[in-house]
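Results of the structural survey
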Amino acid sequence: MKLLVVGGGGREHALAWKLAQSEKVSEVIVAPGNAGTAREPGMRNAGVGAEDIDGLIELARSESVGLTVVGPEAPLAAGIVDRFEAAGLKCFGPSADAARLESSKAFAKEFMSRHDIPTAAFGVVDNVEEGMEMIHGIGLPVVLKADGLAAGKGVVICEEEADARATLEDMLSGEAFGQAGRRVVIEEFLIGEEASFIVVASGTQYLSMASSQDHKRRDDGDRGPNTGGMGAYSPAPVVDETVYRKIIGDIIEPTLSGLADDDLPFTGFLYAGVILTATGPKVLEFNVRFGDPETQPIMLRLKSDLVEIIEHALEGTLDDLSPEWDERTALAVVMAAGGYPGRYDKGHPITGLESAFPEDVKVFHAGTSLDEHGQVVTSGGRVLALCALGETPKKAQARAYQWIAQIGFEDAFYRSDIGFRAIGRS
Ligand code: AMP
Ligand code: GLY
């Protein structure tokens, strides 16, 4: 069977790499893909954008694709799964209605409060005065979130009243985030360690993917501006057996049954970004897709056939499966372009990709492309992630840093402390 993976980042390279290992798969087409997916055996790129749903349907039809797996949130929010299903094509992911869990933070918060799912106290406003009144009620610091999709940039933590007012005005004016900012969720500021918890879901059935943690800030020590993620690892030692059971019992199960009760049964990857507060885990956000860069270490640890897992999810027989994991820690360090998450250059040649990487080390591409000479060049802010396995978090980290030093391009940078929380705990 031919598979289609929609998207072109590190998450999609890792998903496609794992899917291509299945005996059921003859070829994986990635649209649009990157230089990594272009050069992977059993894989090829198609020049169709991840949001060009008509083009993707045409591609799936003309290539007789048996199953499509969607990486990013934008096509899911735009209804790619509904459109594929209407065209009689198998596509793994939630419907546009269920994808509102990610595409509207107001929807997600109202859903959680309706179903008693633990999350920060909040309100939703569409004008500044009402917002300021709510901020006085909640108290500082306060978290302001643009309602709609803002590519991870729509969350601002405000310590001072003047700052909160300016941010609120900026978001509501539509200038900072366009329509996505016309409504703003105002949240109580929570304190605790964060973890990512991802399940493969099919209605109320689910399979937990291994726990993970990412580092969202650009600089060492989890400082500096927010990014899409500068590194990640799996498992997350902070998610011990007790925390795991709380997340499942208080968050995952009520979320899936709440969605089913609201007539929005969820099929796809469900990602809960949780914060482990003194009073238990609470949801910071839901994503309706796999995490990036969490996918990279999780796929490196998954031993079971991902195609089989997805097929069971589509058939409603997930309960029959128990996936196998590599017991080791997988740790991914992102190499980014100088200037990211602000402005950065593109088109720099990347060296060292032909190094003799051992079997437990894998480079997943993200913002890369092939130039007219077939040279791999940078084409995005997060350029690649080097991912390594190790018996302990410390060994995985050492291996990742040993091998990432082989790779380079002009103005490249990466954090030097990915995994420090896990190492501190183990
Ligand atoms: P989100 O996109 O909603 O996950 O928010 C991005 C980041 O902002 C999170 O990973 C947290 O570090 C931080 N954040 C979001 N909401 C809160 C909150 N209520 N309290 C404290 N930090 C938060
Ligand atoms: N790593 C965070 C995300 O995928 O949203």
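The structure reproduced in this document is the subject of the present report. These numbers were taken from a predicted model, which means no experiment stands behind them. (Residues numbered from 1 in each chain as written. Chains lettered and ligands numbered in written order. Predicted model: local features only at pLDDT ≥ 70, side-chain atom pairs only at ≥ 80, totals over all residues. Heavy atoms only, no water.)

Another aspect to go through is helix H13 (residues 393–404). Because each turn of an α-helix spans 3.6 residues, side chains separated by three or four positions end up pointing in the same direction. The terminal C-alpha atoms of H13, which comprises 12 residues, lie 16 Å apart, in line with the 16 Å expected from a rise of 1.5 Å per residue. Tucked into the core, H13 has its buried residues touching strand E18 (329–337), strand E19 (361–365), strand E22 (382–390) and helix H14 (420–425). (Helix = DSSP H or I, 4+ residues; strand = E, 2+ residues; numbered from the N terminus. Expected span 1.5 Å × (residues − 1). Contact = heavy atoms within 4.5 Å.)

Contacts to ligand 2 come from Asp214, Gly228, Tyr271, Asn287, Arg289, Gly291, Asp292, Pro293 and Glu294. Between a nitrogen atom of ligand 2 and a side-chain N or O atom of Glu294, the distance comes to 2.8 Å. Relative to its unbound accessible surface of 200 Å², ligand 2 loses 90% to contact with the protein. Across the shell around ligand 2, the residue classes tally to two nonpolar, three polar and four charged. (Near = heavy atom within 4 Å. Polar contact = N/O pair within 3.5 Å; in protein donor to acceptor, adjacent residues only side chain to side chain. Areas by Shrake-Rupley, 256 points an atom, 1.4 Å probe, with all protein chains shown as cover. Nonpolar A, V, L, I, M, F, W, Y, C, P; charged D, E, K, R; others polar.)

A word on the nonpolar core. By size, the foremost hydrophobic cluster in this structure holds 52 residues, and its most contacted members are Ile80, Leu101 and Ile252. Here the element with the most residues in this core is helix H10 (residues 241–261); it accounts for seven residues. Residues within four places of Leu101 in sequence aside, it is in contact with Phe107, Ala108, Phe111, Thr255, Leu259, Leu270, Phe286 and Val288. (Core = buried A, V, L, I, M, F, W, Y, C linked by side-chain atoms within 4.5 Å. Buried < 20%, exposed > 50% of the residue type's maximum accessible area, 1.4 Å probe, protein only.)

Taken together, the neighbourhood of ligand 1 is formed by 13 residues, with Lys145, Glu187, Glu188, Leu190 and Glu194 sitting nearest. Between Lys105 and ligand 1, the recorded distance is 3.2 Å, taken from a side-chain N or O atom to an oxygen atom. Contact between ligand 1 and Glu188: a nitrogen atom at 2.9 Å from a main-chain N or O atom of the residue. For ligand 1, whose accessible area on its own is 470 Å², the fraction buried by protein is 91%. At the level of elements, strand E7 (142–146), strand E9 (184–188) and strand E17 (280–287) are the ones that each hand at least two residues to the shell around ligand 1. Classifying every residue of the shell around ligand 1 by side-chain character gives six nonpolar, no polar and seven charged.

Pairing within the open sheet is parallel, and its five strands lie in the order E3-E2-E1-E4-E5. Either end of the sheet is taken by a strand with one partner, and the two such strands are strand E3 (43–45) and strand E5 (91–92). Pairing between strand E1 (residues 2–7) and strand E4 (residues 65–70): five bridges, direction parallel. Paired with Leu4 across the strands is Thr68, a residue of E4. Of the strands in this sheet, E1, strand E2 (27–32), E3 and E4 are in contact with helix H1 (residues 10–20), which crosses E1 at around 170°. (Pairing = 2+ DSSP bridges. Axes fitted to C-alpha atoms, helices over the stretch in contact; angles between N-to-C directions.)

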